[in-house]
Structure formats: C-alpha cells, structure tokens
Amino acid sequence: MLSTVSFQAYGGRPVAPPLLFRNPSSCAADLALTLKPGSSRRRGTDSKLRIGNFITFSGAPGIWGPISANSVMLAVAEINRRGGIRGREVELSMYDAGGPIEEVVRRAERAIAFDEIDVIMGSHISAVRLALRKVTAGRIPYVYTPVYEGGERTPGVMAIGETPRAESRPAIHWLAEVKKAQRWYLIGSDYVWPWQSHRAVKRYIKEAGGHVVGEEFVPLGEDNHEPHLARIRAARPDVVLITLIGTDSITFNRAFAEAGLAATTLRYAGAMDETVMLGIGPDSTQNLFCASGYFGCIDSRANDDFRTSYRTMFGAHAPPIGSVGQSNYEGMRFLEAAANEARSLSIGPLSAAAHNLVYSGARGTVTIRDGRAEMPIYLAEADGLDFNVIRTI
C-alpha cells in the first residue's frame, strides 16, 4: 500500500530536507513522495486519515528535521501495510515548524481549514506547542512527541515525551552521589522548555545537597559563547547543566571543549542525542552525560526491529537515529494504539483513551498514566560519537 507524503510551507518554498532520502530506491515500494503546494480538500470526502506533521526544518532545532521526517515516514509505511489506522490509510503532510511562531500558526490554521488534516503531530520547541494548541483546541487532536518540560493538560493535546522529573531528577542525584557534584551552573535557550526545566532542576539539585552557582538564558541562534564560558569559568561549577537546543547546543559544547573546560568540568545535557553528538564531534564530548528514554545503542527487541527497518528503508548512510527524531515514530505508534483503544479518531474519545494507555514503539513498552508517559530512562555518558549507557534510572 502506498503512502502519500507532501512537504508544505505556505507563503514560501516547499520544505524538503536535503538528507531525507540517502537511498531513495530502498523506500520507493513503501512511499510515493510528492512535493506540492497546499490544496483545498474536504474532510470526510474519502477514507484517508490526513496527518499534518509539524517538524522543524530550520533554525537551531532544524538539525533534527531529516531524522524526524524519516522516522515518521517509516511509521506511516508500517501502519499502512497493516491496513492503516481504524481501516483508514494514512496520508502524511509535513510543514516547517521553524521560523517566526506567527507564521507557523498561520500554516497550522491553513492546514486545518484548507488541507482538511484530521490530526496534527508536532516535533518542535515548546513555544510553538503553546501557540498551536490554541489553534487545535476543540477542533482536532494534537500529538506532541519530543522531550518537554511537562505539565501539558490542554484538552485534545497529548504529550508523550520525557520530562525533567523522569530524566533529570535521578540523573542529578546520581551525579551528586557518584561524581560528588555539588556546584551547578545552568545555561539554556531563552524559551519555555529551559525556563520550566530549570525551575524543576533547581529543586532536584537542592534535594541532592547541591546548590546553583550561576544561571543564564541564551537567545536562540546565539553562537558566540565566549561571555558565557568566562562566567562559567569564574563560577567554578562541578557540573554545567545545558538546556540549549539543537545547533546552539552544538556550538556551545564545541566552544566548551576548545576552552579546555571539558577535562575539568562535568556536563549534563538535556535534548542531547546522537544527532547533536555528531555535530559536536568526537573530540569535544569528554565528561558529557545525558538521560533519555531512548538511545540508538539500546539493545532490545523493539529497538533492534526499529533500527533494522530504518536502515532497510533509508540505507546505511541515513541520518543517525536519535531520541528527538525518533519520537516522531513513537507519536505514530501512540496514535495508532489510542485510536484502536478508543475505536474512534474523534477528539473526545481519542483523548480519553490516550489518558491511560499502553503502547509499544522503539522505546519498548510505554505506559501513559494520567496523561504522563512512563518508560525506562537511561543515564549515559558520551564516548566519542557514541553513548555508553551507565544504568537504568
């Protein structure tokens, strides 16, 4: 069964990540790829389930665009081979969630009104989610897939990513107990996910007997980190906790190592995965730790199946699999399970079923309990361009 995929950006050029298909022939049997502008369609005039996937292809988070697109297309191909969701073939359109938020909002409004999408799926920064949930409220379901700050309770919005309580709290305690970390410096991008995450981690640092010796927020797109590094050096922290996003994290971590700080100061990073690691480079990841519900190196039946399918579809040189991009695959698996449980794709029954649910994806079995995703969380240390999982936390 063929799947139709379109890349759309209203008011601009079609958005198609250049690394999307490293081996196009390997996926031709599963996907018919079209690049086209938006077209007016009437919801309910055929049996297709139209999903609008808002992925960031530009700006600091744009580094995750290719793996995000690949991951969701793999999930759609698998689901359509099984007969679709509730018997409806999935038709996927992708929209750039980068750039000014008001432009992203307009894309979403037009996608709902003119492309007649049935579901929005999002893999983008939380600032975009806060804006898009006003567009989707009471109209269509909205599945938000990546790691985020927690606390999403908007009716019809279903967030399945890891939160600071699940990831950072046990990691901070481990670093305090094992690495004797007491002095913490916090640096993050200047938007809602780092703001709210820092509020939480300050509590966890205090619980673990530590204290914060400095904190700052950096505008998105900032690549001059010398002033930040000077303040960090002066504060003499044991750990720098990093909530910079995408390429901003890459440039900071490179500069951190070039300044000679990597050998003496631990780093604990959020939204850190294999995609970001590749950008940082193998010589700049010393003493770098992170926690996540997914690493590409995890040995499990679920992840083995995912990695094999990914390589088969996109080739051996496709963009590396990381947690943020892979969350798009999780989002489709979650939607499929919620729709089957609800026996409906209507926003009310679907949201009710998704509030307490068990589904399986590349992360293995994930339990949604009272709207919160629960899964094994792994603490890992960087080793060149790879991760060594230290323990399940």
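Along each chain, residue indices are assigned from 1 in the same order as the chain's sequence is written. Totals for whole chains, interfaces and linings use all residues, but because this is a predicted model, local features are given only for residues with pLDDT of at least 70 and pairs of side-chain atoms are given and counted only at 80 or more. With hydrogens and water excluded, all non-hydrogen atoms of the structure serve as input to the side-chain values.

### Digging into the overall build of the protein
Thinking step 1. For the protein, the helix and strand inventory stands at eleven helices and 17 strands.
Thinking step 2. Here's how the labels work: a residue is buried when its accessible area is under 20% of the maximum for its type, exposed when over 50%, partly exposed in between, all with a 1.4 Å probe on protein chains only. When the 393 residues of the protein are sorted by exposure, 60% land in the buried category.
Thinking step 3. In this description, contact between two residues means that some pair of their heavy atoms is separated by no more than 4.5 Å. Here the analysis covers contacts within the protein between residues at least 6 apart in sequence; of these, 70% occur between residues at least 24 apart.
Thinking step 4. Entry remark: accessible area of the protein is about 15300 Å², with carbon and sulfur atoms responsible for 49%. Numbered from the N terminus, helices here are DSSP runs of H or I no shorter than four residues, and strands are runs of E no shorter than two. For accessible areas, the Shrake-Rupley method is used with a probe of radius 1.4 Å. Any residue's cover is judged against the shown protein chains and nothing else.

### A short note on the environment of Ser327
Thinking step 1. Summarising the element assignment, Ser327 is placed in helix H10 (residues 323-342).
Thinking step 2. With residues near it in sequence (within four places) discarded, Ser327 still touches Ser123, Thr145, Pro146 and Ile160.

### Some points on the environment of Phe306
Thinking step 1. Position of Phe306 relative to the elements: it lies in helix H9 (residues 301-314).
Thinking step 2. When the C-alpha positions of Phe306 and Ile321 are compared, they lie 9.9 Å apart, and in sequence the two are 15 residues distant.
Thinking step 3. For Phe306, the residues in contact, after removing those within four places along its chain, are Ser71, Leu74, Tyr294, Ile321, Gln326, Tyr329 and Ala362.

### What to know about the state of the cysteines
Thinking step 1. Disulfide assignment relies on a single distance test, namely cysteine sulfur atoms paired within 2.5 Å. Under the definition given, this model contains zero disulfides.
Thinking step 2. Cys297 supplies the cysteine sulfur nearest to Cys290, a cysteine that is in no disulfide, at a spacing of 9.4 Å.

### Focus on the packing of H10 against helix H11 (residues 347-355)
Thinking step 1. Lines are fitted to the C-alpha atoms to define the axes, a helix being fitted only along its stretch in contact, and any angle between axes, read from their N-to-C directions, falls within 0 to 180 degrees. Where H10 contacts H11, the two axes come as close as 8 Å, and the packing angle between them is 110°. Here H11 runs roughly perpendicular to H10, going by the angle between their axes. Listed contacts from H11 to Phe334, Leu335, Ala338, Ala339, Glu341 and Ala342 of H10 are Pro349, Leu350, Ala353 and Ala354.
Thinking step 2. Three categories are distinguished: nonpolar for Ala, Val, Leu, Ile, Met, Phe, Trp, Tyr, Cys and Pro, charged for Asp, Glu, Lys and Arg, and polar for the others, with Gly belonging to the last. The class makeup of the residues in the contact of H10 with H11 is nine nonpolar, no polar and one charged. Angles below 35 degrees are treated as roughly parallel, those above 145 as roughly antiparallel, those between 65 and 115 as roughly perpendicular, and all remaining angles as oblique.

### Describing the layout of surface pockets
Thinking step 1. Grid spacing is 1 Å over the protein atoms alone, the probe is 1.4 Å, and a cavity is where that probe fits but cannot get out, while a pocket is an open set with protein on both sides within 12 Å along at least five of seven lines and lining residues have an atom within 4 Å of a point. Grid points are joined across faces, edges and corners, and a volume is the space filled by probe spheres set on the points. Computed from the structure, the largest pocket encloses a volume of approximately 400 Å³.
Thinking step 2. In this structure, the largest pocket is lined by 21 residues; those nearest its centre are Glu149, Gly150, Gly151, Thr163 and Arg165.
Thinking step 3. Of all the secondary structure elements, the ones that give two or more residues to the lining of the largest pocket are helix H4 (164-178), helix H5 (192-207) and strand S15 (372-374).
Thinking step 4. Ranked by residue count, the leading element in the lining of the largest pocket is H5, at five residues.

### Some words on empty space enclosed by the protein
Thinking step 1. Taken as a whole and assessed by the stated rule, the structure comprises three cavities of 30 Å³ or more.
Thinking step 2. Of the pockets and cavities examined, the largest cavity occupies roughly 160 Å³.
Thinking step 3. Considering the residues around the largest cavity, the lining is formed by 17 residues, among which Trp64, His124, Pro146, Ile245 and Val324 are closest to the centre.
Thinking step 4. Grouping the amino acids of the lining of the largest cavity by side-chain chemistry returns twelve nonpolar, five polar and no charged.
Thinking step 5. Counting contributing residues, the lining of the largest cavity receives three or more from each of domain 1 (48-162 + 302-374) and domain 2 (167-292). In this entry, domain limits derive from an automatic or database-based domain assignment.

### Quick notes on the packing of aromatic side chains
Thinking step 1. Each Phe, Tyr or Trp ring (for Trp, its six-membered ring) is paired with any other whose centre lies within 6.5 Å, and the angle between the two planes then decides the class: stacked below 30 degrees, edge-to-face above 60, tilted in between. By the definition in use, this model includes ten aromatic pairs.
Thinking step 2. Seen from their ring centres, Trp174 and Phe289 are 5.9 Å apart, and the 50° between their planes marks the pair as tilted. One end of the pair, Trp174, is in helix H4; the other, Phe289, is in strand S12 (residues 288-292), with 115 residues separating them in the sequence. Summarising the burial analysis for this pair, Trp174 and Phe289 share the class buried.
Thinking step 3. Taken together, Tyr294, Phe306, Tyr310, Phe314 and Tyr329 form an aromatic cluster joined through their ring pairs.

### Topic: the pattern of salt bridges
Thinking step 1. Note on definitions: salt bridges are taken to be side-chain nitrogens of Lys or Arg within 4 Å of carboxyl oxygens of Asp or Glu. Under the definition given, this model contains 18 salt bridges.
Thinking step 2. Close ionic contact of Glu91 with Lys48 constitutes a salt bridge, the shortest N to O distance being 3.6 Å. Placement of the pair is Glu91 in strand S4 (residues 90-96) and Lys48 in the loop between strand S2 (31-34) and strand S3 (49-55), with a sequence separation of 43 residues.
Thinking step 3. Overall, Glu91 belongs to the buried group, its relative accessible area being 8%.
Thinking step 4. Relative accessible area serves as the criterion here: at 25%, Lys48 is assigned to the partly exposed category.
Thinking step 5. Residue Asp299 is joined to Arg307 by a salt bridge in which the shortest nitrogen-to-oxygen separation is 3.6 Å.
Thinking step 6. Each of the salt bridges in this network shares a partner with another, and the network as a whole consists of Arg129, Arg133, Glu149 and Glu152.

### Remarks on the confidence of the model for the protein
Predicted coordinates in regions of low pLDDT should not be interpreted in detail.
Thinking step 1. Confidence scores here are pLDDT values: one per residue, from the predictor, ranging 0 to 100. Put simply, the protein has an average pLDDT of 91, and 88% of its residues get 70 or more.
Thinking step 2. This stretch, residues 9-42, has a pLDDT under 50; its non-local contacts, to residues over four places away or in other chains, come to 84 contacts.

### Topic: the pairing of strand S8 (residues 183-189)
Thinking step 1. Counting buried positions along S8 gives six out of seven residues, so the element sits mostly inside the fold.
Thinking step 2. Strand direction decides the pairing type here: S8 and strand S9 (residues 211-218), joined by seven bridges, are parallel. Paired with Leu186 across the bridge in S9 is Glu215.
Thinking step 3. Each parallel crossover has a hand, and the one from S8 via H5 to S9 is right-handed.
Thinking step 4. By the convention used here, strands pair only if DSSP detects at least 2 bridges between them. Two elements, S8 and strand S10 (residues 239-243), share five bridges in a ladder whose sense is parallel. From the neighbouring strand, Tyr185 faces S10, where its bridge partner is Val240. A crossover gets the label right-handed when its path from the first strand over the helix to the second runs clockwise, viewed with the strands pointing away from the viewer.

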